[in-house]
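# Structural description and commentary
For reference, the chains in residue letters:
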Amino acid sequence: MKVVTAAEMRAIDRRAIEGYGIPSLILMEHAGLAGARRCGRELQPSRSRRVTIFAGTGNNGGDGLVAARLLTNWGARVRVFLAGEPERASAETKTQLAVARELGIDVVPLGEGSLQKAKLNAGAADLLVDALLGTGSRGAPRGPVAAAIEILNGAGRPVLAVDIPSGVDADTGAVPGAAVRAQWTVTLGLPKVGLLLPPGRELAGHLVVADIGLPRALVGEGVVEEASGADRAASDKAASTKGAGEAAEPPTVLVEPDLVRRLLPPRPATGHKGTFGHVFVAAGARGMSGAAMLAARGAQRVGAGLVTLAGPASLLPVFAGSLWEALTRPLPETPEGSLAPEAAAEIIQGLARTDVLVIGPGLSRTEGAGQVVRLVLEAAQRPVVADADALFALGEGAQFLVRTRARPYPLVLTPHPGEMARLCALSVRDVLADPLGLARDRARAWQAIVVLKGAPTVVAAPDGRAFINSTGSAALATGGTGDVLAGAIGGLLAQGAPPLWAAVAAVYVHGLAGDLAAAARGPAGVVAGDVADQLPAALAQARAGQGPLLDREGY
């Protein structure tokens, strides 16, 4: 399913109205119906069925007024508080105001004289509805809208938001001032980016995507068409050449089960270990052998045919004693137990006989290890997944990535927000303010696939395509889970998945494995090895098209 910004949603609405001739009042009627239906579903059985709606003067307020009319027809006791001057309402909302008043619905202007009445009504209601701002608001709410948000949050009653909780930025999820905390959000047409990124995702509560009658050609889910491996691989390597005058941004997509099912590489019944590829993992240093082994385990558990774990020579007994199924390769090391610069030549030699390189987990941040990473990335001829200490080796500001952006192989980078901040010479706060936009920008600048880990993880490609993951939880907030993910991406690459699809699918399956591990052990008891061990079960679910789906109304 596509995920849109406020501007993209406005463009879709405009094309539906102007290009397809669908009257705006029809779309508003469907929006209000979707909100009213969910209200009816969530209202607890009671004799009163009292609903208090806080409406703005824009079209979001019109949606709320339609819901007020329908709920009244269905027997609810509805009162509307209008936050703004009626004469400044949009044309469609003025129409809905006139209809509501003609039907005898109590619409009260929200001002100093009615604040206490609004508080009393909100506190006595069975359900509150936020139809104040919608997606068009910018900056901190002010005046009667801010007062209405305070009442909604302070009433202690369940709140349903129409389209997006008022005060949440539809593009980033940011909250510049007061914002509604909803138990349910019925978003209209398509999900908005800000509903899937924090803090907006926490304020939205249970998210429902409602069909409001927009043409399928405008909201259709076929935004990632299945193509041949060659076509997809070529598109993964394509550079972004879009000029400033080109308006169309490649779509943002929510990663859901059916998409992942189509992206996973096939597992032919006649396959053998050579069919499913060979992953070369260059990782580990004295005291950090676990990270290296977790990366190798991640590659194994997603189905790679062979995995070679290469690290400091002194660690080979540890590797061989724990990973029976992996091949091992000793690399030159320093007296401190980290890779020596001479290890670069041996990694490049080993990579020539394998399919993909995973480099970085537990490698250490010594200058020698950093030199190894840079030498390997300059000479590699196979896809590379760079994680953890390999990202540190790229330096603050990542000028190395800019200098080598014409590299002849696909590169997948897997930073967490702290690592991304260093790569971009920003603060972590800056990274978290717009993770999707930053990942997109850096993927273009570095000509690499960027997997920006977080809640949720986002994946961006050099051509501007971006994906928001739908799996994972705080169960993954434990050391080593990122190493498992790096290995899983490498494992899918080795099996023939194009780099972008390997990253998108691995992120989804890894998050689902974390969810399965949390279900088995409890969210606070999961360790990275549990996640690796759940990868086969998560893969099986993904291949069957099973997993978390957005709640859809009418789709």
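Note: the structure precedes this text.
Quick look at the structure, then. In this text, all values refer to a predicted model and were calculated from it rather than measured experimentally.

### Examining the overall build of the protein
Of the regular secondary structure elements, the protein holds 22 helices and 19 strands. Relative to the globule expectation of 24 Å for 555 residues, the C-alpha radius of gyration of the protein, 26 Å, shows essentially globular dimensions. Dimensions of the protein, computed from C-alpha atoms along their principal axes, come out at roughly 85 × 45 × 45 Å. Of all 555 residues assigned to the protein, the portion counted as buried reaches 56%. Long-range contacts, defined here as pairs at least 24 residues apart, represent 74% of the contacts in the protein between residues at least 6 apart. Accessible surface for the protein amounts to roughly 21600 Å². Of this, 53% is attributable to carbon and sulfur atoms.

### Observations concerning the sheet that holds strand S11 (residues 306–312)
Within the open sheet, the 11 strands sit side by side as S1-S9-S18-S17-S16-S15-S14-S13-S10-S11-S12. Their pairing is mixed. Lying at the two open borders of the sheet, with one neighbouring strand each, are strand S1 (2–3) and strand S12 (327–331). Across the face of the sheet, helix H13 (residues 343–351) comes into contact with strand S10 (278–282), S12 and strand S13 (356–359) while running at roughly 150° to S12. Against the sheet, helix H20 (residues 481–494) engages S10, S13, strand S14 (384–386), strand S15 (411–413) and strand S16 (449–452), with an angle of about 175° to S13.

### A look at the pattern of salt bridges
A full pass over the atoms with the stated rule returns 21 salt bridges. Arg 69 serves as the salt-bridge partner of Glu 29, at 2.8 Å between the closest nitrogen and oxygen. Linking Glu 29 in helix H2 (residues 24–42) with Arg 69 in helix H3 (residues 59–73), this pair joins segments that are 40 residues apart in sequence. A salt bridge links Glu 256 to Arg 552; the shortest N-O distance between them is 2.6 Å. Separated by 296 residues along the polypeptide, Glu 256 in the loop between strand S9 (252–254) and helix H10 (257–263) and Arg 552 in strand S19 (residues 551–553) bring together distant segments of the chain. For Glu 256, a relative accessible area of 6% gives the class buried. On the basis of relative accessible area, Arg 552 is assigned to the partly exposed category, the value being 22%. Members of the salt-bridge network, linked through shared partners, are Arg 38, Arg 41, Glu 42, Asp 551 and Glu 553.

### Some details on the environment of Pro 499
Its place among the elements puts Pro 499 in helix H21 (residues 499–521). Taking the relative accessible area as the measure of exposure, Pro 499 reaches 9% and is therefore buried. Counting along the chain gives 38 residues from Pro 499 to Ala 461, while the straight-line C-alpha distance between them is 9.4 Å.

### Quick notes on the nonpolar core
Ranked by size, the top nonpolar core spans 108 residues in total, and within it Val 80, Ile 347, Leu 357, Ile 359, Leu 411, Leu 413 and Trp 446 carry the most contacts. With near-sequence residues (within four places) excluded, Leu 411 lies in contact with Leu 377, Val 384, Ala 386, Leu 401, Ala 448 and Ile 449. Membership of the second largest hydrophobic core comes to 66 residues, among which are Ala 475, Ala 502, Ala 518 and Ala 528.

### Here's the deal with the packing of H3 against helix H4 (residues 91–102)
Contact pair H3 / H4: the axes reach a minimum separation of 8 Å and the direction vectors enclose 25°. Of the possible angle classes, the one that applies to H3 and H4 is roughly parallel. Crossing of H3 against H4: the hand is left-handed. Packed against H3, whose contacting residues are Asn 59, Gly 61, Gly 62, Leu 65, Val 66 and Arg 69, the element H4 presents Glu 92, Thr 93, Gln 96, Leu 97, Val 99 and Ala 100 at the interface. Considering only residue class, the contact of H3 with H4 consists of five nonpolar, five polar and two charged.

### Details of the environment of Ser 314
Looking at the secondary structure, you find Ser 314 in the loop between S11 and helix H12 (316–322). For Ser 314, a relative accessible area of 35% gives the class partly exposed. As a C-alpha pair, Ser 314 and Leu 516 span 202 residues in sequence and 35 Å in three-dimensional space. Those residues in contact with Ser 314 that lie beyond four places of it in its chain are Arg 286 and Glu 333.

### Focus: unusual backbone geometry
Most of the time, phi is negative for any residue but glycine, and the peptide bond is trans. Along the chain, Pro 198 connects to Pro 199 via a cis peptide bond; the corresponding omega equals 0°. The omega torsion across Ala 455 and Pro 456 is 10°, close enough to zero to call that bond cis. Mapped onto the elements, Pro 456 comes out in the loop between S16 and strand S17 (458–460). Backbone geometry places Ala 425, a non-glycine residue, at a positive phi of 55°. Looking at the secondary structure, you find Ala 425 in the loop between helix H17 (417–424) and helix H18 (428–433).

### Remarks on the packing of aromatic side chains
Considering all chains together, one arrives at two aromatic pairs under this definition. Measuring from centroid to centroid gives 5.6 Å for Phe 54 and Phe 81, while their planes differ by 20°, and the two rings are stacked. Taken together, the positions of Phe 54 in strand S2 (residues 50–55) and Phe 81 in strand S3 (residues 77–82) put the pair 27 residues apart, joining distant regions of the chain. On the accessibility criterion, Phe 81 (0% relative accessible area) is buried. Where Phe 467 meets Trp 501, the ring centres are 5.8 Å apart and the plane angle is 90°; that geometry is what we call edge-to-face. You can see Phe 467 sitting in strand S18 (residues 466–468) and its partner Trp 501 sitting in helix H21, a full 34 residues away along the chain. Both residues of the pair, Phe 467 and Trp 501, belong to the buried class. When the ring centre of Phe 392 is taken as reference, the NZ or CZ atom of Arg 422 above it lies at 3.9 Å.

### Description of the side chain of Ser 289
Relative to the elements of secondary structure, Ser 289 occurs in helix H11 (residues 289–301). Residue classification places Ser 289 among the buried residues on the basis of a relative accessible area of 16%. Discounting residues that sit within four places of it in the chain, Ser 289 has contacts with Leu 315, Val 318 and Phe 319.

### Here we look at the sheet that holds S3
On the basis of which strands lie adjacent, the open sheet formed by eight strands has the order S4-S3-S2-S5-S6-S7-S8-S19 and parallel pairing. The open sheet has two edge strands with one neighbour each: strand S4 (106–109) and S19. Sheet twist, expressed as the mean angle between neighbouring strand axes with direction ignored, is 20°. For strand S5 (residues 127–131) and strand S6 (residues 159–162), the ladder comprises three bridges, and the chain directions are parallel. Its bridge partner being in S6, Val 129 is matched across the sheet by Leu 160.

Reading the values: rules and limits
Residues numbered from 1 in each chain as written. Predicted model: local features only at pLDDT ≥ 70, side-chain atom pairs only at ≥ 80, totals over all residues. Heavy atoms only, no water. Helix = DSSP H or I, 4+ residues; strand = E, 2+ residues; numbered from the N terminus. Rg over C-alpha atoms; globule rule 2.2 N^0.38 Å. Buried < 20%, exposed > 50% of the residue type's maximum accessible area, 1.4 Å probe, protein only. Contact = heavy atoms within 4.5 Å. Areas by Shrake-Rupley, 256 points an atom, 1.4 Å probe, with all protein chains shown as cover. Pairing = 2+ DSSP bridges. Axes fitted to C-alpha atoms, helices over the stretch in contact; angles between N-to-C directions. Salt bridge = Lys/Arg side-chain N within 4 Å of Asp/Glu carboxyl O. Core = buried A, V, L, I, M, F, W, Y, C linked by side-chain atoms within 4.5 Å. Parallel < 35°, antiparallel > 145°, perpendicular 65-115°, else oblique. Left-handed = near helix turned anticlockwise from the far one by under 90°. Nonpolar A, V, L, I, M, F, W, Y, C, P; charged D, E, K, R; others polar. Phe/Tyr/Trp six-rings, centres within 6.5 Å; stacked < 30°, edge-to-face > 60°. Lys NZ or Arg CZ within 6 Å of the ring centre and 35° of its normal.

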